[in-house]
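One letter stands for each residue in the lines below.
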Amino acid sequence: MGNETKRPATYEDLVALPENMVGQIIDGELIAQPRPASPHAVAHSVLGGLLVSRFQVGQRAPGGWWITNEPELHFGQDVLVPDIAGWRRERMPVMRRVPFFTLAPDWVCEVLSPSTRNLDRNRKREIYAREGVGYVWLVDPASRTLEVFARWEGDWVLRGQYSGTACVRAEPFEELELDLEALWPPELEAP
């Protein structure tokens, strides 16, 4: 007794989660969390909308990207779900009808929540670096910050840290002047 071993999580464990949960498998561990609160959802939705309209479907957009919300990424035994991800069309010319992606994105964005902050900042970024993701953005609605990281020689290098109401041009989407204030909803009342 007391020598029990925990079995590695399987994809079936992910599928069995209730609909109100977001699941990932990292290092064989099933990590399940409830859907995020409204500040997270607002930052995620606004940023995704701006990027899609500017880099994927906008009439005056430079184009060249596929931007998706919450894609399921399969990297060996790890299954990750970033908040937003983007692939350059030169690497993925066609968006195929697939349940998940095995090609690493060129860019991912994680919108931090109190329950995901450590996972997103640490283990998930390590996996993204290992898999060759070029850029990671960490958006924190609580502190109203955007951190931009670029992968260089296998490690993450901080390329910019912005806060509050700054207007920024951040890699790899420098063509867009991003008004950070749009990501932060006015103070919300508690229910």
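Provided above is the structure to which this section pertains.
Since we're looking at a predicted model, the values are computed, not measured.

Asker: What am I meant to see in the sheet that holds strand β3 (residues 65-69) here?
Answerer: Pairing between sheet strands relies on hydrogen bonds along the backbone, with the strands arranged either parallel or antiparallel. Reading across the sheet, the six strands line up as β3-β6-β7-β8-β9-β10 and stay open at both edges, with mixed pairing between neighbours. The open sheet is flanked by β3 and β10 (155-163), the only strands paired with a single partner. Shown here is a sheet whose adjacent strand axes are inclined to one another by a mean of 15°, direction ignored. Pairing geometry for strand β8 (residues 135-140) and strand β9 (residues 145-152), over six bridges, is antiparallel. For Val139, the partnering residue across the bridge sits in β9 and is Leu146. Contacting β7 (107-111), β8, β9 and β10, helix α3 (residues 117-131) crosses the sheet at an angle of about 175° to β8.

Asker: Is there a simple way to explain the layout of surface pockets in this structure?
Answerer: Unoccupied space between atoms shows up once a probe the size of one water molecule is rolled over them. Estimated volume of the second largest pocket: approximately 310 Å³. Lining the second largest pocket are 13 residues, and of these Leu14, Met21, Val22, Gly23 and Glu72 sit closest to its centre. Mapped by element, the contributors of at least two residues to the lining of the second largest pocket are α1 (11-15) and β1 (21-26). Grouping the constituent residues of the lining of the second largest pocket by class yields eight nonpolar, one polar and four charged.

Asker: Help me out: how do you make sense of the nonpolar core in this one?
Answerer: If you look at soluble globular proteins, the nonpolar side chains tend to sit buried side by side. In this structure, Leu47, Trp107, Trp137, Val139 and Leu146 are the most contacted members of the largest nonpolar core, which totals 24 residues. For this core, the secondary structure elements donating two or more residues are α2 (38-55), β3, β7, β8 and β9. Ranked by the residues each element gives to this core, the list is headed by α2, at four residues. One finds Leu80, Val108, Leu112 and Trp156 within the second-largest nonpolar core, a separate group that totals 22 residues.

Asker: Explanation requested: empty space enclosed by the protein in the structure shown.
Answerer: Throughout the structure, instances matching the rule amount to one cavity of 30 Å³ or more. Within this model, the largest cavity holds a volume of roughly 30 Å³. What lines the largest cavity is Trp137, Val168, Arg169, Ala170, Phe173, Leu176 and Leu178. Taken together, the residues of the lining of the largest cavity sort by class into six nonpolar, no polar and one charged.

Asker: Just to check I follow, could you spell out the environment of Gly63 for this structure?
Answerer: Inspection of the secondary structure assignment puts Gly63 in the loop between α2 and β3. Taking the C-alpha atoms as reference points, Gly63 and Val52, 11 residues apart in sequence, are found 9.0 Å from one another. Filtering out sequence-adjacent residues up to four positions away, Gly63 remains in contact with Arg54 and Phe55.

Asker: How do you make sense of the packing of aromatic side chains when you look at a structure like this?
Answerer: A ring pair, where both rings are aromatic, is described by two values, the distance of the centres and the angle of the planes. Counting across every chain of the model gives five aromatic pairs. Consider the rings of Trp107 and Trp137, whose centres lie 5.3 Å apart with planes at 90°: the pair is edge-to-face. Placement of the pair is Trp107 in strand β7 and Trp137 in strand β8, with a sequence separation of 30 residues. Across this residue pair, the class does not change: Trp107 and Trp137 are buried. Through a chain of ring-to-ring contacts, three or more aromatic side chains come together here, namely Trp65, Trp107, Trp137 and Phe173. The aromatic ring of Trp66 is capped on one face by Arg89, whose charged end is 3.8 Å from the ring centroid. Stacked on the ring of Phe149, the Lys or Arg Arg125 has its end atom at 4.3 Å from the ring centre.

Reading the values: rules and limits
- Residues numbered from 1 in each chain as written.
- Predicted model: local features only at pLDDT ≥ 70, side-chain atom pairs only at ≥ 80, totals over all residues.
- Heavy atoms only, no water.
- Pairing = 2+ DSSP bridges.
- Helix = DSSP H or I, 4+ residues; strand = E, 2+ residues; numbered from the N terminus.
- Axes fitted to C-alpha atoms, helices over the stretch in contact; angles between N-to-C directions.
- Contact = heavy atoms within 4.5 Å.
- 1 Å grid on protein atoms, 1.4 Å probe; cavity = no way out; pocket = protein on both sides within 12 Å on 5 of 7 lines; lining within 4 Å.
- Points joined across faces, edges and corners; volume = space filled by probe spheres on them.
- Nonpolar A, V, L, I, M, F, W, Y, C, P; charged D, E, K, R; others polar.
- Core = buried A, V, L, I, M, F, W, Y, C linked by side-chain atoms within 4.5 Å.
- Buried < 20%, exposed > 50% of the residue type's maximum accessible area, 1.4 Å probe, protein only.
- Phe/Tyr/Trp six-rings, centres within 6.5 Å; stacked < 30°, edge-to-face > 60°.
- Lys NZ or Arg CZ within 6 Å of the ring centre and 35° of its normal.

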